[in-house]
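# Descriptive structure summary
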Number of protein chains: 6
Amino acid sequence: MITPRTDHLIDLALEEDVAHGDLTSRAAFTDDHRSRAIIEAGHELIVSGAEVAARVFAKVDARMKVTSVAKEGTRLKRGGIALRVSGPTASILTAERTALNFLQRLSGIATLSRRFADAVMGTEVRVVDTRKTTPGFRALEKAAVAAGGCGNHRFDLGSGVLIKDNHIVACGGVKAAVTAAKARAPHPLRIEVEVTNLDELAEALDAGAEIVLLDNMTPAQVEVAAARAHGRGVLVEVSGGITLATIADYARAGADLISVGALTHSAPAVDIGLDVRA
Amino acid sequence: MITPRTDHLIDLALEEDVAHGDLTSRAAFTDDHRSRAIIEAGHELIVSGAEVAARVFAKVDARMKVTSVAKEGTRLKRGGIALRVSGPTASILTAERTALNFLQRLSGIATLSRRFADAVMGTEVRVVDTRKTTPGFRALEKAAVAAGGCGNHRFDLGSGVLIKDNHIVACGGVKAAVTAAKARAPHPLRIEVEVTNLDELAEALDAGAEIVLLDNMTPAQVEVAAARAHGRGVLVEVSGGITLATIADYARAGADLISVGALTHSAPAVDIGLDVRA
Amino acid sequence: MITPRTDHLIDLALEEDVAHGDLTSRAAFTDDHRSRAIIEAGHELIVSGAEVAARVFAKVDARMKVTSVAKEGTRLKRGGIALRVSGPTASILTAERTALNFLQRLSGIATLSRRFADAVMGTEVRVVDTRKTTPGFRALEKAAVAAGGCGNHRFDLGSGVLIKDNHIVACGGVKAAVTAAKARAPHPLRIEVEVTNLDELAEALDAGAEIVLLDNMTPAQVEVAAARAHGRGVLVEVSGGITLATIADYARAGADLISVGALTHSAPAVDIGLDVRA
Amino acid sequence: MITPRTDHLIDLALEEDVAHGDLTSRAAFTDDHRSRAIIEAGHELIVSGAEVAARVFAKVDARMKVTSVAKEGTRLKRGGIALRVSGPTASILTAERTALNFLQRLSGIATLSRRFADAVMGTEVRVVDTRKTTPGFRALEKAAVAAGGCGNHRFDLGSGVLIKDNHIVACGGVKAAVTAAKARAPHPLRIEVEVTNLDELAEALDAGAEIVLLDNMTPAQVEVAAARAHGRGVLVEVSGGITLATIADYARAGADLISVGALTHSAPAVDIGLDVRA
Amino acid sequence: MITPRTDHLIDLALEEDVAHGDLTSRAAFTDDHRSRAIIEAGHELIVSGAEVAARVFAKVDARMKVTSVAKEGTRLKRGGIALRVSGPTASILTAERTALNFLQRLSGIATLSRRFADAVMGTEVRVVDTRKTTPGFRALEKAAVAAGGCGNHRFDLGSGVLIKDNHIVACGGVKAAVTAAKARAPHPLRIEVEVTNLDELAEALDAGAEIVLLDNMTPAQVEVAAARAHGRGVLVEVSGGITLATIADYARAGADLISVGALTHSAPAVDIGLDVRA
Amino acid sequence: MITPRTDHLIDLALEEDVAHGDLTSRAAFTDDHRSRAIIEAGHELIVSGAEVAARVFAKVDARMKVTSVAKEGTRLKRGGIALRVSGPTASILTAERTALNFLQRLSGIATLSRRFADAVMGTEVRVVDTRKTTPGFRALEKAAVAAGGCGNHRFDLGSGVLIKDNHIVACGGVKAAVTAAKARAPHPLRIEVEVTNLDELAEALDAGAEIVLLDNMTPAQVEVAAARAHGRGVLVEVSGGITLATIADYARAGADLISVGALTHSAPAVDIGLDVRA
């Protein structure tokens, strides 16, 4: 489903590129000049966002036909096709850049997520995203992460409770913070507490934390901490600059979840282009 | 100026994170608990987007005071301060992630642009961006590029004419395409034509191109092509996978402009964080 | 915090009432005629929405001063004051109805919620709302429920998992549904399953349900079911036409949570009015 | 016609429920699992809003087919069908609550309006609504009132003039207020004046009022007042806490119109539900 | 009051002019270069829209100070001042054109309306506008007409009933149409019927029309028709290509109202400009 | 292409006219009463905006069929048809005025533009528009100008640089202003400088102006100035109160471009109407 907010984002994107028309394409093509076009991968990648790209074409020209759309998570080889469209040539070219701008970013996130998911393959760890997403793209980027085989952490500040140092200090300790959160949060939510060492971990467990987030610990520290948390039936998430090079160590250390901000904030765009075939 | 569209984007970003409130912060802090906070650099970087971040705080809570905002293009060392705010603690924490999500991306673009601009320092070349921007962020990302010392190419499909292969074929040759574009485009615009070899270059120059875009040529090829174009008083832009490693060679080859899509589509986020001080 | 969506809703409300101006007030008052006004309770009630009402006045006329706003959850006697404003008389009257329309509905929900919360006072049960809210008012109405002393169930379809009969059938049984949901849902979420008898309860517990929703059972049935669920460390929610007359029985039967759709879908408006004092 | 504003309201409603997707339904059903569903009455009721509900389904998934939609004002028995849809099962369940939230409220208003209209059946009185509507729902709720057989009072502050005490005081008397209003208001509008006793009535009639609103009078008082007003060719509206128990007395007393705020501000939701049939 | 819709229109106007910034002003002025500026009349005119123009400046830069704003309907001589602003010079110039575009159009309408109002001065006729307004500008243009001394006809299709030939035919005659409209329209509205000759007039009067619109009649015909309508206590409006040259004749013929579409659809812009004073 | 902004403008226009429905048409016609209708010219004119008008009908009622739409720039004789629609009669009449309001304005601009274009026929001059457009209508009105055979000047403040007196003073002379602009503006843009006499012209040419705008000069002065500018390879635009009576003289004087604000700010509406055929 393309929600109203995503629809809105597409409108913003078209406005910023086409508010005053496409001088080049309208000069080069008469309105009845038709073409077919494909969007194809420049290298191996995982597709995300093809449905959004399809909507971009449809918005530019209602006469456009989108005849195939790669499903979320499809793996394409170099030359693999993400989308096929046909319609007025000028409109295809007008829509091209906006459609690709969505696709190259979202597929970039899916592709990087796939690499992280593959890096822990065979373990029970789930790699998850964070709230470090592009403003306006939360739902799309979280879907791209899932398309790449990783999991989603909470979607927003209302669908999870994560108590950090800043919260604890003001509340007069972890216990007070956890208690206040349980009184306020919907009952389907587990309360998560961030800790940076074993003392804080003990405090969090005693306070009734239902998930602990181990921040910036070494794999060795995680191993000790995870054992203690699991002994209390508590889920263990780790975070803090974890890369493709180090993630397997953290997985082996007993984490249930590893959260990686880079999945969304620093995934490079994939190389994907449109090719017109008269 | 924060345009209505950017204002809108901030609204989308707040909605997607705070539509149902911030369970954690509202549990931890009473409404009259106040703090000061700074946003500081985790490593050396060029700031862009601090004004947008300031607007995020103001939107979350009208009682928020923003007491300093780093200007576009400011260079910060590790620990340098991009923003100072004070106000209700819960509101600071509610706004934190959205403000940082703008700042880390825009400053990431400015920081990468600075590296590209530095790489051609001392030459007369201008490194410019492309339309490969995040949907909805065209104006913000182009401003970030400028903050990093690079230049802007056309803003949208109405503020420049760039004739590519696809356009030429349908039009019956470069000459027809250039003529049609001149008849349609506002007179302040120079007509640009993309070419991939010297034959196409000759054709473009004969057709009356006012800028030529040399795509995917080697520096040696650019040197020959640029000399011919300059002999006709025509500006020379080069593009196609140019990196920090290769850009100096292209600059020396005589290009007037070098366009780099990666400035906006693949700049990694900078490390920048918020620190609350009760 | 008044989110962008609520701000938007206020705009819709003003447009539908004042798009073509307020003929009566503009005829009766010159622009410089000033007044003070209060909004006061017509009977005992719990206030919710006074901040929204204040925003309505501010939007109608930037010269308006709102000098006091009752906090969410304040109990007012007949004649108690929810809001004090002063400013141009015509603008006060233009804003009056829209401000009251928000206030009478939200305070109606808070007042009814208070009655339900009072009815289980002394037990450990939490009365919670549902998603049966007025379209566009989800956040405001859930806040009104909280202002009245009840709790909130999930805010939306992304902040909780609730598996019902319809879901189970298609999935090939409870176990498959619970497993699929756990694989997809963010880890902070507990999985809830709706059951209507003890057989279904047993199945849900075996499948790994973390919350069970007992639908349309009698208090006696709830007592048995709750004991079994608690024996597995599972939370118990009950629902289905529970009223002020019957809720205490359900509370005594061992429910942890009782959800009541009527809190939001059928709360009568409170009687609250504006009084101008020249 | 679903106006842009109503369309907007549907978008707000979907955003607040589905911005981050429907975790449960997407887990339980593959995208190609199809069903048929009906929306049926839980008790006898008058339908309003079925077209809006249909639009909700269409917005959630363009593949949805709505095969029947009950007309505004249709009377359904228990089990009667307001809507039939077919399409992807997950999408039906995603849309369900939002569609029902519109339908239960609007049909609630229509059903209550029908009871009021029936209570004065056989007289020439018209029961009408007020501006005490849910913010953003003015057009929908006024249509629901009409669907229930009652009439509409003015739609907004620009489509009617209603002079109350507050207006009169500032203007220096009824005569000045009526004159000012006639000079400003479009000529198709009759000027209405609110009065609370016979002295004020006399003053209003002398001032040129074209409609009088008798506020909070007893039926006996209305009888006297109405006779005087009718003697001057002036329409008579009565208001003020009139209920199903008392309305017939007011009708007999000679009122032309009886306005009832409760039609829109306190109508309980009807019981109406969705039933999936694989 | 600037309604949300007008605020929205200002946003559209700024977006279409400044979405990518103001290249010229930002190049010429540093951000701390300040100026004062006035907006002054190029010839005698009636001001309308100065408040909207002030809002434009405020939106472009929150540091802008607007120190005087001419009231709606003010008559300015050549050189008279409609607005004074001071603030960052670049921002003044960025806002200039958008502010003037509102002001020149709305003041153009007010100025033309003043000429029409003056042309019937001394008679009891009211010159009124129509719904032939610029899309999106209904409220602003109707206010401009009032600022020029003319009156407003109905604001929209919900605040008046005007039965034309097209309506009558389908309804089976005037009587059926009037009856149906009375049953549906809010009671404060008088029913208006368009007629083109005396036979139709007689029919309309018999059917219960409360206003008649005499379309495209000569002044002599109007004289006869008006007498008959007035004899039945019915208001008389005339329309159809009435100009400054012919309007006095129609006024003398006994019309109560003369509607003139040209007030809004063909008023030439006034000459009004901005002058910067460093 | 109807951009999101134009779509938005249509929504604003429908909201302001139909937010509360069309009382007259809904009273006169049942929902299944169907008609055909044409929109036809009342005098000879050039069509612009027929596609927008078609969209208006489609938005009012999805059952509407638009069977022919005159292309931009079509010349119609009196009685010529701009649009044919068929569908529910009430919906046709509801949409009528909004559709015509777009069409009469845009065709008015196209028709006036055609007269200006014809007045310089046979010369090489291009008549162009300005930024003096109706707020929100920039793209539509510039398209109407083009439909009438004239050209477009820059679309917005980001697609052209035009340095005026105000800019020059603050910058310390023309040279500084031109240099600053070239450093900032995208390279496809030529820098334009406004001059009012030959001294300023010399200064502008020396500073590197690429286009000069001769403001308020006589044809004789233009002749001298144009010769000098052309000698430097610089384009010459003239402006300042040029009318149909004087434009040929300016064309003969050697201008390349003549800009005329009246094309958009003072074009009278054309006479165009809708005719229903049962």
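Residues numbered from 1 in each chain as written. Chains lettered and ligands numbered in written order. Predicted model: local features only at pLDDT ≥ 70, side-chain atom pairs only at ≥ 80, totals over all residues. Heavy atoms only, no water.

### Notes on the sheet that holds strand 8 (residues 191-195) of chain E
Residues and elements named next belong to chain E.
- The six strands are arranged 6-11-10-9-8-7 in an open sheet whose pairing can be described as parallel. Each of the sheet's edge strands pairs with one partner strand only, and the pair in question is strand 6 (126-128) and strand 7 (161-163). If you compare each strand with its neighbour and ignore which way they point, the axes differ by 25° on average.
- Where strand 10 (residues 235-239) lies against strand 11 (residues 257-259), two bridges are found, and the strand directions are parallel. Its bridge partner being in strand 11, glutamate 237 is matched across the sheet by leucine 257.
- Lying on the sheet, helix 8 (residues 198-207) is in contact with strand 8 and strand 9 (211-215); it crosses strand 8 at an angle near 165°. (Pairing = 2+ DSSP bridges. Helix = DSSP H or I, 4+ residues; strand = E, 2+ residues; numbered from the N terminus. Axes fitted to C-alpha atoms, helices over the stretch in contact; angles between N-to-C directions. Contact = heavy atoms within 4.5 Å.)

### What to know about the interface of chain C and chain B
- The interface is formed by eight residues belonging to chain C together with eight residues belonging to chain B.
- Taking both sides of the interface into account, the surface hidden between chain C and chain B amounts to around 860 Å²; carbon and sulfur atoms contribute 65%.
- Per-residue buried area on chain C facing chain B is highest for C:Met1, C:Pro4 and C:Phe155; these three make up 60% of the total on that side.
- Applying the counting rule to chain C against chain B returns one salt bridge.
- Note that C:Arg5 and B:Glu15 form a salt bridge whose closest N and O atoms lie 3.1 Å from each other.
- At the level of elements, helix 1 (4-18) and helix 5 (138-147) of chain C are the ones that each hand at least two residues to the side of chain C that touches chain B.
- Residues that form the side of chain C that touches chain B fall into these classes: four nonpolar, one polar and three charged. (Buried area = accessible area lost by both parts, 1.4 Å probe. Salt bridge = Lys/Arg side-chain N within 4 Å of Asp/Glu carboxyl O. Nonpolar A, V, L, I, M, F, W, Y, C, P; charged D, E, K, R; others polar.)

### Side note on the domain arrangement of chain A
- By domain assignment, chain A separates into domain 1 (4-113 + 268-276) and domain 2 (151-259).
- For domain 1 of chain A versus domain 2 of chain A, the distance between C-alpha centres works out to 40 Å. (Domains from an automatic or database assignment.)

### Here we look at helix 9 (residues 219-231) of chain A
Residues and elements named next belong to chain A.
- For helix 9, built from 13 residues, the straight-helix expectation of 18 Å at 1.5 Å per residue is met to within 8% by its first-to-last C-alpha distance of 18 Å.
- Turning to helix 9, its buried residues number three or more, namely Val222, Ala225, Ala226 and Ala229. All buried residues of helix 9 fall inside an arc of 105° around its axis, so they share one side. Exposed side chains of helix 9 directed beyond 90 degrees from the buried face belong to Ala220, Glu223, Ala227 and Gly231.
- Contacts made by the buried residues of helix 9 are with helix 8 (198-207), strand 9 (211-215), strand 10 (235-239) and helix 10 (247-252).
- Immediately downstream of helix 9, the backbone of glycine 233 shows phi near 75°, a positive value. (Expected span 1.5 Å × (residues − 1). Buried < 20%, exposed > 50% of the residue type's maximum accessible area, 1.4 Å probe, protein only. Arc of directions from axis to C-beta.)

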